[in-house]
Amino acid sequence: MAEAAVRVPGRGDEPSAAADRDDAILTVSGLELRFGGVHALAGTDLDVRRGSITALIGPNGAGKTTLFNAVTGFYRAERGVVLFDGQPVLGRPPHAIARLGMARTFQLTKTLAAMPVLDNMMLAAPDQPGERLANVVLHPRRWRAREDVVRARALALLDTFDLRDQAYAYAGTLSGGQRKLLELARVLMLEPRLILLDEPMAGINPALAQRLLEHIHALREREHVTFFFIEHDMDVVMGQSDRVVVMSQGEVIADGTPERVSRDARVIDAYLGSVEDDR
């Protein structure tokens, strides 16, 4: 994909390690996870700065998606510390972590294909009294009022992502790019402070990719959402992120601005060299 028009201002500033940790919304320390004899995460350490757009790159099998799964509660790490906004989250189930304000999308979209787009959105909203039978019977006004609020927010988000016309269509009829937009819109129903995106540009056309990038930057600027994303498209990584973290064999081997990381010999040997060869 050609380099997108959206650019990140002020990316050249390289913060100190101390300032970085003080302003971290996500801190991962000494995270370890094995699958049989394979060390998928081998004492992984990293920080994600509040308000940043941070890319996570590395060769296939480096442990990137495994890290996302461990941080968000889908995998249980054997040891280590994960702090979200200063609060320990390791060992908590995924829904509890999402309700704290850390949400994610998946490499393969997880939309409910046989349900309308609007229902996909509304299901993601927390604190719905209508989910309990007792409230439906005993407090009908309360759950209807909350459902009206949830529906209004869902429709407003679908408007923002240009999906309002598909609100009553089945999610399975959307294109791959539209499903990516739907996933991002749906996690916003949780009002998250940190969103983890697993290969958001994979399998979508350049026009929808550009729209997705514009939404990411707008959400960062307007709602102060922090983004941490896995991506293999180097034009997107180098052109859109404030900071790049590089993993190889379950460990972080580099961390810094895109310019700095692109000149790191370890990164070139482990990953960027093979990317350039493929091109």
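Fair warning: this is a prediction, and the values are worked out from it, not measured in the lab. (Residues numbered from 1 in each chain as written. Predicted model: local features only at pLDDT ≥ 70, side-chain atom pairs only at ≥ 80, totals over all residues. Heavy atoms only, no water.)

Below, the discussion takes up unusual backbone geometry. Note: most residues except glycine have negative phi, and most peptide bonds are trans. One non-glycine residue with positive phi stands out, namely Asp162, at about 60°. The phi torsion at Glu199 lies on the positive side, around 50°, for a residue other than glycine.

With that settled, the discussion passes to helix 7 (residues 176-187). The first and last C-alpha atoms of helix 7 sit 17 Å apart over 12 residues, in line with the 16 Å expected at 1.5 Å per residue. For helix 7, every residue scored as buried is listed here: Gly177, Lys180, Leu181, Leu182, Glu183, Leu184, Ala185, Arg186 and Val187. (Helix = DSSP H or I, 4+ residues; strand = E, 2+ residues; numbered from the N terminus. Expected span 1.5 Å × (residues − 1). Buried < 20%, exposed > 50% of the residue type's maximum accessible area, 1.4 Å probe, protein only.)

Here we come to the pairing of strand 2 (residues 38-49). Two elements, strand 1 (residues 24-35) and strand 2, share 9 bridges in a ladder whose sense is antiparallel. Bridge pairing links Ala24 to Arg49 in strand 2. Taking the residues that link successive antiparallel strands as the turn, the strand 1-strand 2 hairpin has 2 residues, and the phi of Gly36 there is positive, at about 65°. (Pairing = 2+ DSSP bridges.)

Attention now goes to the packing of aromatic side chains. The full count for this structure, using the stated rule, is 3 aromatic pairs. Their ring planes at 80° and their centres at 5.5 Å tell us that Phe35 and Tyr75 sit as a pair that is edge-to-face. Here the residue Phe35 occupies a position in strand 1, and Tyr75 occupies one in the loop between helix 2 (64-71) and strand 4 (79-84), the gap between them amounting to 40 residues. A residue is classified by how much of its surface remains accessible, and Tyr75, at 34% relative accessible area, is partly exposed. Look at Phe68 and Phe228: their rings are 5.3 Å apart centre to centre, the planes differ by 50°, and that puts the pair in the tilted class. Within this pair, whereas Phe68 is found in helix 2, its partner Phe228 is found in strand 8 (residues 226-230), the two being separated by 160 residues in sequence. When its relative accessible area of 1% is taken as the criterion, Phe68 is described as buried. The ring centre of Phe106 lies 5.4 Å from the NZ or CZ of Lys110, which sits over that ring. (Phe/Tyr/Trp six-rings, centres within 6.5 Å; stacked < 30°, edge-to-face > 60°. Lys NZ or Arg CZ within 6 Å of the ring centre and 35° of its normal.)

Take the confidence of the model for the protein next. Averaged over all residues, the pLDDT of the protein is 85; the fraction at 70 or higher stands at 83%. When the criterion is pLDDT under 50, residues 1-12 qualifies, and its contacts beyond four places in sequence or with other chains add up to 36 contacts. Scored below 50 in pLDDT, residues 15-19 shows 2 contacts in the model against residues more than four places distant or in partner chains. (pLDDT = per-residue confidence, 0-100. Contact = heavy atoms within 4.5 Å.)

What follows covers the packing of helix 7 against helix 8 (residues 206-223). When two helices pack together, their arrangement is given by the angle between their axes and by how far apart the axes lie. Close contact between helix 7 and helix 8 brings their axes to 9 Å; oriented N to C, the two are set at 15°. Classed by the angle they form, the pair helix 7 and helix 8 counts as roughly parallel. Pair helix 7 / helix 8 crosses with right-handed handedness. Contacts between helix 7 and helix 8 pair Gly177, Gln178, Leu181 and Leu184 from the former with Leu208, Arg211, Leu212, His215, Ile216 and Leu219 from the latter. (Axes fitted to C-alpha atoms, helices over the stretch in contact; angles between N-to-C directions. Parallel < 35°, antiparallel > 145°, perpendicular 65-115°, else oblique. Left-handed = near helix turned anticlockwise from the far one by under 90°.)

With that settled, consider the sheet that holds strand 10 (residues 251-256). Spatial ordering of the open sheet is given by 6-7-8-3-9-10, a layout of 6 strands whose pairing is mixed. The sheet is open, and its two borders are formed by strand 6 (102-104) and strand 10, each paired with just one other strand. Put simply, the sheet's adjacent strands are angled 20° from each other on average, direction ignored. Bridge analysis of strand 9 (residues 243-248) against strand 10 gives 5 bridges, and the strand direction is antiparallel.

A few words now on the pattern of salt bridges. For the structure on display, the rule yields 15 salt bridges. Residues Asp255 and Arg243 are paired through a salt bridge, measuring 2.7 Å at the closest nitrogen-oxygen approach. Residue Asp255 is found in strand 10, and its partner Arg243 is found in strand 9; the two are separated by 12 residues along the sequence. Using a relative accessible area of 8% as the deciding quantity, one classes Arg243 as buried. Between Asp264 and Arg266 there is a salt bridge, with its nearest N and O atoms 3.0 Å apart. In this structure Asp264 comes out as buried when scored by relative accessible area, which is 18%. Among the ionic contacts, a cluster of salt bridges with common partners joins Asp23, Arg50, Asp85 and Arg193. (Salt bridge = Lys/Arg side-chain N within 4 Å of Asp/Glu carboxyl O.)

Here helix 8 contains 18 residues, and its C-alpha end-to-end distance of 25 Å stays within 8% of the 26 Å for a straight helix at 1.5 Å per residue. Residues of helix 8 that are buried: Leu208, Ala209, Gln210, Leu212, Leu213, His215, Ile216, His217, Leu219 and Arg220. In this structure Asn205 caps helix 8, since a side-chain oxygen of it lies 3.0 Å from the backbone nitrogen of Ala207. Of the residues trailing helix 8, His224 is marked for its positive phi of about 60°. (Polar contact = N/O pair within 3.5 Å; in protein donor to acceptor, adjacent residues only side chain to side chain.)

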